[in-house]
Amino acid sequence: MLVVDDDPTVAEVVAGYLDRAGYRVDRADDGPAALTRAAAHRPDLVVLDLMLPGMDGLEVCRRMRGQGPVPVIMLTARGDEDDRILGLEVGADDYVTKPFSPRELVLRVESVLRRTRPAAAPRPPSAAGLTADPTARRATKDGTELALTLREFDLLAFFLRHPGRAFAREELMREVWGWDFGDLSTVTVHVRRLRGKVEDDPARPRLIQTVWGVGYRFDPAGREAD
C-alpha cells in the first residue's frame, strides 16, 4: 500500500490501520515523492489525498494511471460533488470524504482489492466485438486492446455477462462496486467514460443504452435505442 497525504496525523492513522490489517505500507507526503515511490515499487493500491502541496492528487492520479493500472482510493476534505467526479474521471476507483472512519477505509481497500483480483470464469465474456478477460484483466474491441481503468473493466465485464437486461444504477452500484449505498453519479460517470471507449459514436450509444426511468442496458446487437 502507498499512502499519500501531507497531513502527518492522517497519514499515520491510515498507515497504522492498514498495517494492523496485514498490509505493508509505504508513505509519501507530496505528489513528486509519491510518483517516485510508485515507480520504484509498484503498489497494489494507493490511498491518495486530493489536496496536496505543489501537485494535487488529481495530477498525481493521472500520472500514475499513465504508468500502468493501479487501484486508487482518493481522500478529499471536500464534500463537493464536482471534486468527487473529477477524481473518478481521472481513474480513481473509490473516494472517501474526510473526516472518515479508518475502519471504513480499510473495508474500502479490501473491496477494491477483491475486485482487482482475477475472477474464475471458463471463458472471457464477449459480445459485439468486445471481450473482457478477467484473468489477464485485459479488454479488447475488435482485437484492439482498450485502455480501461479497473472499475471500467469491471463494469464492461458485468455488462458482457448480462446482455439485454436493464439495470438500475442502484443495482450496478451493488453488483459492480459492492456498495449497498453511495453517490449514484459514480455509476453515471463510469458509464459515460466506458461509452467513450467502446462506442463508435459515444454521443449516440448503441451498445450501452440508457433505459429511461430504469438505468442502463447492454445491447450486443447495437440496435437504435427506443
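Since the model is a prediction, treat every value here as computed from it, not as a measurement.

K.L.:
Even after reading the chapter, I still don't get the packing of helix H2 (residues 31-40) against helix H3 (residues 57-67), so can you show me in this structure?
P.N.:
The N-to-C vectors of H2 and H3 enclose an angle of 15°; their axes lie 10 Å apart at closest approach. For the element pair H2 / H3, the angle class is roughly parallel. Classified by chirality, the crossing of H3 by H2 is right-handed. Across the interface between the two elements, Gly31, Ala34, Leu35, Ala38 and Ala39 of H2 pack against Val60, Arg63, Met64 and Gln67 of H3. The class makeup of the residues in the contact of H2 with H3 is 6 nonpolar, 2 polar and 1 charged.

K.L.:
I'm lost on helix H5 (residues 102-116) in this one. Help?
P.N.:
Spacing of three or four residues puts side chains on the same side of an α-helix, whose turn is 3.6 residues. Spanning 15 residues, H5 covers 21 Å between terminal C-alpha atoms, matching the ideal 21 Å at 1.5 Å per step. If you check which residues of H5 are buried, you get Pro102, Leu105, Val106, Arg108, Val109, Ser111, Val112 and Leu113. Residues of H5 that are buried in the fold lie against helix H1 (8-20), strand E3 (46-49), strand E4 (72-76), strand E5 (94-97), helix H6 (150-161) and helix H7 (169-177).

Definitions and cut-offs
Residues numbered from 1 in each chain as written. Predicted model: local features only at pLDDT ≥ 70, side-chain atom pairs only at ≥ 80, totals over all residues. Heavy atoms only, no water. Axes fitted to C-alpha atoms, helices over the stretch in contact; angles between N-to-C directions. Helix = DSSP H or I, 4+ residues; strand = E, 2+ residues; numbered from the N terminus. Parallel < 35°, antiparallel > 145°, perpendicular 65-115°, else oblique. Left-handed = near helix turned anticlockwise from the far one by under 90°. Contact = heavy atoms within 4.5 Å. Nonpolar A, V, L, I, M, F, W, Y, C, P; charged D, E, K, R; others polar. Expected span 1.5 Å × (residues − 1). Buried < 20%, exposed > 50% of the residue type's maximum accessible area, 1.4 Å probe, protein only.

Scope: geometric values only; no functional claims are made or implied.
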